[in-house]
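Chain and residue survey
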Amino acid sequence: MCGIVGAYSLKDKTKNVYPLIVRGLLDLQHRGQLSAGITSYNPERKRILQTHKKNGKVHEVFEINHRYKSKRLLEDYSGHAAIGHTRYATSGNNEDQLAQPFERPHGRKSKWFSLAFNGNLANYAHLKSGLEEVGYNMTYDSDTEVIMHFLSREVQSHKPWEDLNFTEIFKNLLTDFDGSWNIAFLNADGKMVAVRDPLGLRPMCWGVSKDDVLVFSSESVVLSNLQIEAHDLNPGEMIVVEGEKVSIVPYTAPIPTSYCFFEWIYFGHLASVIDGESTYNVRERIGEGLAKEETLQLEENDWIVVPVPESSYVAGAKYAQITGMPFVQGLLKNHSVGRTFIDNTNRQYNISLKFTHLKEIIQGKKVILIDDSIVRGTTMKALVTNLKEWSGAKEVHLRIGCPPIKSPCFYGIDFPTIKELYAGANTPNPKDFNADSLKYLSFSGLISAVNKKKEDLCMACITSKYPTQEGTTRFKEQNEQLI
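Residues numbered from 1 in each chain as written. Predicted model: local features only at pLDDT ≥ 70, side-chain atom pairs only at ≥ 80, totals over all residues. Heavy atoms only, no water.

Quick look at helix α10 (residues 313-323) now. When α10 is considered as a whole, its buried residues turn out to be Val 314, Ala 315, Gly 316, Lys 318, Tyr 319 and Ala 320. Among the structural elements, α9 (279-292), β17 (303-307) and β20 (366-371) are those in contact with the buried residues of α10. Positive phi appears at Gly 324, one or two residues downstream of α10, with a value of about 80°. (Buried < 20%, exposed > 50% of the residue type's maximum accessible area, 1.4 Å probe, protein only. Helix = DSSP H or I, 4+ residues; strand = E, 2+ residues; numbered from the N terminus. Contact = heavy atoms within 4.5 Å.)

Written as structure tokens, this is what we have:
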């Protein structure tokens, strides 16, 4: 899971879209806090494509709080077309060099390009091995590098006098790629492409502003904040921009979708509408479902509902409204610390930094603790222990907004093995968290909340049924290793 954004001024070629990219990446910061970057296109500049990227949050990478440095970046990376990226790592390490976009220089403009990628190639290891066997030097342990080489090979197959056929280029990649892969592409001929994978595992949308700037993004919040009407890019479709011409075209025949339900319950910005469903509304319905499935007797006066910040605020508020219990923000999030299950460094240490407890509000209360999911369980165990031992909660009852996550994800979420999942090798038990009770939202309750047909969703982390062959194979291999 990463965030990608692109902007292209269709008529005014003197317009600088750099500020739009930076603003869009700020809106997508929740999709990745490890690194950020931009590639801009400016034919009046000697270096037609120019990339700035490094580790850090968006405001750090683009020096937003430093007047002179930010102004210099604005000037140096000006252009009427640009793509941007904010990263969290599901493959590769945390080096600056793995920040995106990835730029591949070439003497011929049509073959000099930059790309940004959101997703995960489930068959990455196989693809990497195949490239190495035919003489490629793989510098990084990254599926983005694999994509860059495959794209380069497709681009190089065109004769110098031939126009690039982007529909054919990305259609050809389907024979090799397995997984989720949303791609932003920009070359030194000034041609921009945005591609959504045929399964639709990761979201993408687009729109055109009143001053004729096309913007595409991983989430609609980017367009909404620019006051641009957002349209979903359908799975298996691509946007091709050349000069003043914009085309939305399919590059493959339609197949059944596999929208990732986790986008609505955890990743998505509250202001985003993803494939026709408001993230806010989905999370309200999750809270409503938890309340309707509640079995505790909540008539006493010392009950309070506390959400785990921040993705559970809406569900917690709705649960409290329906049950009639007081809604209390008893936990405050430290915004300088990223999401703990996304951050693959020292999670236990991050958890201790992440939350501030309002002890005076929690002390002596019976707490209904609402969270969107339990992945590894380390955050929840630390939270419940602190609520009782430090904040003095009388009882803590866990209410989780989706069924147990028991199977790994190979499509862009950082829980790739069964062993690291709490419910992967355990039967859920409140005692594991020092809690007084534990209840998950039912499978039917989740389907109702997301408001999609279950056959249109990827729910492999719950059902162990994967939408691609590589996912099925890798899960089978992990299961066999456990025996």
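The next subject is the confidence of the model for the protein chain. Mean pLDDT over the protein chain works out to 92, with 95% of the residues at or above the 70 mark. Confidence drops under pLDDT 50 across residues 339-348; counting only partners more than four residues distant or on other chains, this segment forms 34 contacts. (pLDDT = per-residue confidence, 0-100.)

Taken residue by residue, helix α1 (residues 18-27) has Tyr 18, Ile 21, Val 22, Gly 24, Leu 25 and Asp 27 as its buried positions. Summarising the contacts, the buried residues of α1 are in contact with β1 (3-9), β2 (35-41), α2 (58-61), α3 (67-76), β4 (81-87) and α7 (220-225).

Overall, the coordinates contain 16 aromatic pairs when judged by the stated rule. Both rings, one in Phe 262 and one in Tyr 266, keep their centres 5.7 Å apart while their planes meet at 40°; by these two values the pair is tilted. Of this pair, Phe 262 and Tyr 266 both sit in helix α8 (residues 262-267), 4 residues apart, which is roughly one turn of that helix. Tyr 266 shares its class with Phe 262; the two are buried. Chaining the aromatic ring pairs together yields one cluster made of Phe 150, Phe 177, Trp 181 and Tyr 251. Over the ring of Phe 150 we find Arg 153, and its NZ or CZ is 4.6 Å from the ring centre. Over the ring of Trp 390 we find Lys 359, and its NZ or CZ is 3.9 Å from the ring centre. (Phe/Tyr/Trp six-rings, centres within 6.5 Å; stacked < 30°, edge-to-face > 60°. Lys NZ or Arg CZ within 6 Å of the ring centre and 35° of its normal.)

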